[in-house]
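# Structure assessment
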Amino acid sequence: MQAVNIGLLGLGTVGCGTVDLLTRSAQEIERRAGRRVIVKRASVRDLNKPRTCTIDGAALTEDPYAVIRDPEISVVVELMGGLEPTRTLVLEAIAEGKHVVTANKALIAEHGNEIFQAARDRGVIVAFEAAVGGGIPVIKAIRESLAGNHIQWLAGIINGTTNFILTEMRDRGMDFSDALAEAQALGYAEADPTFDVEGVDAAHKLTILAAIAFGIPLQFDRVYTEGIGAIGYEDIEYAAELGYAIKHLGIAQRTESGVELRVHPTLIPRKGLLASVDGVMNAVLIHGDAAGDMLFYGAGAGAMPTASAVVADLVDVVRVLSADPEHRVPYLGFQDHAISHTEIVPMESVEAAYYLRLQVEDHPGVMADITRILAEHAISIEAILQKPSQSPGQAELPVILLTHVVREGRLDEALKQIAQLVSVSKQITRIRLHAFQ
């Protein structure tokens, strides 16, 4: 059969990884796809920039529209990243009748509804397995392999940078700033790490996972997002003493009130599946009513893991190039008319248990005041750690509380009152606890 020509937008780390994989596994890919896949053209920002890969027989250009408008190219692979001009280029490629493969989680999370509608109208495919979890085939698993399940919740370590930082803090006794500097020195964190450490990257990925798990629209703007900057080494120590680990999680779950979408640091049982996921690795734990608990684990970023997912999408696209669009797997796993506009639960209505760390003055009656306020708000305490003074004359001592499950809005009200006590520091560290049961 005739070979399929593809064009690349971007030839950076992932782009070169994709080229290398297409080259070295060309025969295996052809056996799986039924046709040869050839890179015909690629666009780059700077033709003179040194690259780690070469493309035999392919033309390089600084004009991405030259790739998109090439009539011999059937599939455009977008590996540029960012929102603009990427969104405009992808919509232009769709308008030109090109199928699109992308690894761009921000693009899908924030503009996927618009892009998918344009692709449906034009009868082309948009594939995005590489947008979440690098080489972990979690999107295909949820969308296809678990199609017979009513997925009740999922939780994931879906940002390797934050997981590396928390692992270093735990294993090497580092504070957040030192662990971040280490991540930057090793190339795991960008010079501006905001998207990672503030949870934006994980929120993009959770948006996509939740949409395909629950059959809801992509709603990035509705995801509650909290980073790890407020976590101290002492919190990791105290959590371990109580039998928990701290992980930065994306959590999506169904409740009677709607769907919860949240990214934040979380205490999880040390013996749980996610607690053992360390370093830059990613993992997604999914609970389906038929399949039970499933853990998807692997490298969440990097040239070859991400290229693996990109090439898998290419193989899928090539296999169905001539298929009736009505018979293709829906983008979000549910038929378009069946997408549900389920209510997204606001954070003040979320119910969870909580870890609280307070700095209190070392004199009688402080704990009585704190417990009285909690009792007035019907918040019960599961455990208390009162740490002794570390040095003579220390004015404040840490007190750690674990609460039972409570509505977050009620806890907010209680903490406002506690923070007004003259014997309590205004800065109260709060971390949600989730046992995944």
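Let me begin by describing the structure that accompanies this report. (Residues numbered from 1 in each chain as written. Predicted model: local features only at pLDDT ≥ 70, side-chain atom pairs only at ≥ 80, totals over all residues. Heavy atoms only, no water.)

## Describing the overall build of the protein chain
When its secondary structure is counted, the protein chain shows 14 helices and 17 strands. The globule rule puts the C-alpha radius of gyration for 437 residues at 22 Å, and the 24 Å found for the protein chain is close to it. Along the first, second and third principal axes, the C-alpha set of the protein chain runs to 80 × 45 × 35 Å. Buried residues in the protein chain amount to 54% of all 437 residues. Sequence-distant contacts, at least 24 apart, represent 73% of the contacts inside the protein chain between residues at least 6 apart. Summed over its atoms, the accessible surface of the protein chain is roughly 19,200 Å², and 48% of this surface lies on carbon and sulfur atoms. (Helix = DSSP H or I, 4+ residues; strand = E, 2+ residues; numbered from the N terminus. Rg over C-alpha atoms; globule rule 2.2 N^0.38 Å. Buried < 20%, exposed > 50% of the residue type's maximum accessible area, 1.4 Å probe, protein only. Contact = heavy atoms within 4.5 Å. Areas by Shrake-Rupley, 256 points an atom, 1.4 Å probe, with all protein chains shown as cover.)

## Topic: the pattern of salt bridges
Pairs can form between side chains of opposite charge once their charged atoms are near each other. A full pass over the atoms with the stated rule returns 26 salt bridges. Residue Glu-144 pairs with Lys-140 through a salt bridge whose shortest N-O separation is 3.4 Å. Placement of the pair is Glu-144 and Lys-140 together in helix α6 (residues 138-145), with a separation of 4 residues, close to one helical turn. Measuring nitrogen to oxygen at the nearest pair gives 3.0 Å for the salt bridge that ties Arg-170 to Asp-278. On the criterion of sequence distance, the pair formed by Arg-170 in helix α7 (residues 160-172) and Asp-278 in the loop between β10 (258-269) and β11 (281-288) is long-range, its members being 108 residues apart. (Salt bridge = Lys/Arg side-chain N within 4 Å of Asp/Glu carboxyl O.)

## Digging into the side chain of Asn-159
Examined against the element boundaries, Asn-159 turns out to sit in the loop between β7 (151-157) and α7. Overall, Asn-159 belongs to the buried group, its relative accessible area being 3%. Here the side chain of Asn-159 touches Thr-162 through a polar contact of 2.9 Å, landing on its backbone nitrogen. The contacts of Asn-159, once residues within four sequence positions are left out, are Asp-196, Asp-201, Ala-202, Lys-205 and Asn-282. (Polar contact = N/O pair within 3.5 Å; in protein donor to acceptor, adjacent residues only side chain to side chain.)

## Points about a nonpolar patch on the surface
Nonpolar side chains collect at one region of the surface, where Leu-273, Leu-295 and Tyr-297 lie side by side and expose about 280 Å² of accessible area between them. Following the sequence through the fold, Leu-295 ends up in strand β12 (residues 292-299). (Patch = residues over 30% accessible without salt bridge, like charges linked within 9 Å, V, L, I, M, F, W, Y side chains within 5 Å.)

## Some thoughts on the state of the cysteines
Counting across every chain of the model gives 1 disulfide. With its sulfur 2.1 Å from that of its partner, Cys-16 forms a disulfide with Cys-53. Taking the torsion about the sulfur-sulfur bond, which here is approximately -65°, the covalent link between Cys-16 and Cys-53 counts as left-handed. Here the residue Cys-16 occupies a position in helix α1 (residues 13-24), and Cys-53 occupies one in the loop between β2 (37-43) and β3 (59-61), the gap between them amounting to 37 residues. Relative accessible area serves as the criterion here: at 3%, Cys-16 is assigned to the buried category. (Disulfide = S-S within 2.5 Å.)

## Considerations on the packing of aromatic side chains
Here a ring pair, both rings aromatic, is described through the centre-centre distance and the interplanar angle of the planes. What the rule picks out here adds up to 2 aromatic pairs. A cation over a ring is seen here: Arg-143 above Phe-128, with NZ or CZ 5.5 Å from the ring centre. (Phe/Tyr/Trp six-rings, centres within 6.5 Å; stacked < 30°, edge-to-face > 60°. Lys NZ or Arg CZ within 6 Å of the ring centre and 35° of its normal.)

## Some thoughts on the nonpolar core
Phe-116, Val-126, Val-138, Ile-142, Ile-208 and Ile-286 are the most contacted members of the largest nonpolar core, which has 55 residues in total. When residues in this core are grouped by element, the largest group, 10 residues, is from helix α10 (residues 200-214). Ile-286 has contacts with Val-138, Ile-142, Leu-146, Ile-151, Trp-153, Leu-154, Gly-292, Asp-293, Met-294 and Phe-296, leaving out every residue within four places of it along the chain. Counting residues in each nonpolar core, the second largest holds 34 residues, with Ile-6, Leu-11, Leu-21 and Ile-55 among its members. (Core = buried A, V, L, I, M, F, W, Y, C linked by side-chain atoms within 4.5 Å.)

## Some words on unusual backbone geometry
The omega angle of the peptide bond from Glu-84 to Pro-85 is 10°, so this bond is cis rather than trans. Mapped onto the fold, Pro-85 is located in the loop between β4 (75-78) and α4 (86-95). Here the phi dihedral of Ala-378 falls at roughly 60°; this positive angle occurs in a residue that is not glycine.

## Observations concerning the sheet that holds β4
Pairing is parallel in the open sheet, where 6 strands are placed in the order β3-β2-β1-β4-β5-β6. Lying at the two open borders of the sheet, with one neighbouring strand each, are β3 and β6 (126-127). For strand β5 (residues 99-102) and β6, the ladder comprises 2 bridges, and the chain directions are parallel. Bridge assignment links Val-100 to a residue of β6, and that residue is Val-126. (Pairing = 2+ DSSP bridges.)

## A word on the packing of α4 against helix α5 (residues 105-122)
Packing of α4 against α5 leaves a shortest axis separation of 9 Å and a crossing angle of 15°. Relative to α5, α4 is oriented roughly parallel. Here α4 runs over α5; the crossing is right-handed. Contacts from Thr-86, Arg-87, Val-90, Leu-91, Ile-94 and Ala-95 in α4 reach Leu-107, His-111, Glu-114, Ile-115, Ala-118, Ala-119 and Arg-122 in α5. A per-class count over the contact of α4 with α5 returns 8 nonpolar, 2 polar and 3 charged. (Axes fitted to C-alpha atoms, helices over the stretch in contact; angles between N-to-C directions. Parallel < 35°, antiparallel > 145°, perpendicular 65-115°, else oblique. Left-handed = near helix turned anticlockwise from the far one by under 90°. Nonpolar A, V, L, I, M, F, W, Y, C, P; charged D, E, K, R; others polar.)

## Focus on the environment of Leu-218
Within the element layout of this structure, Leu-218 appears in the loop between α10 and β8 (224-225). On the basis of relative accessibility, which here comes to 6%, the residue Leu-218 falls in the buried class. Here Leu-218 is in contact with Ile-108, Ala-109, Gly-112, Asn-113, Phe-116, Thr-207, Ile-208, Ala-211 and Leu-332, once residues within four sequence places are set aside.

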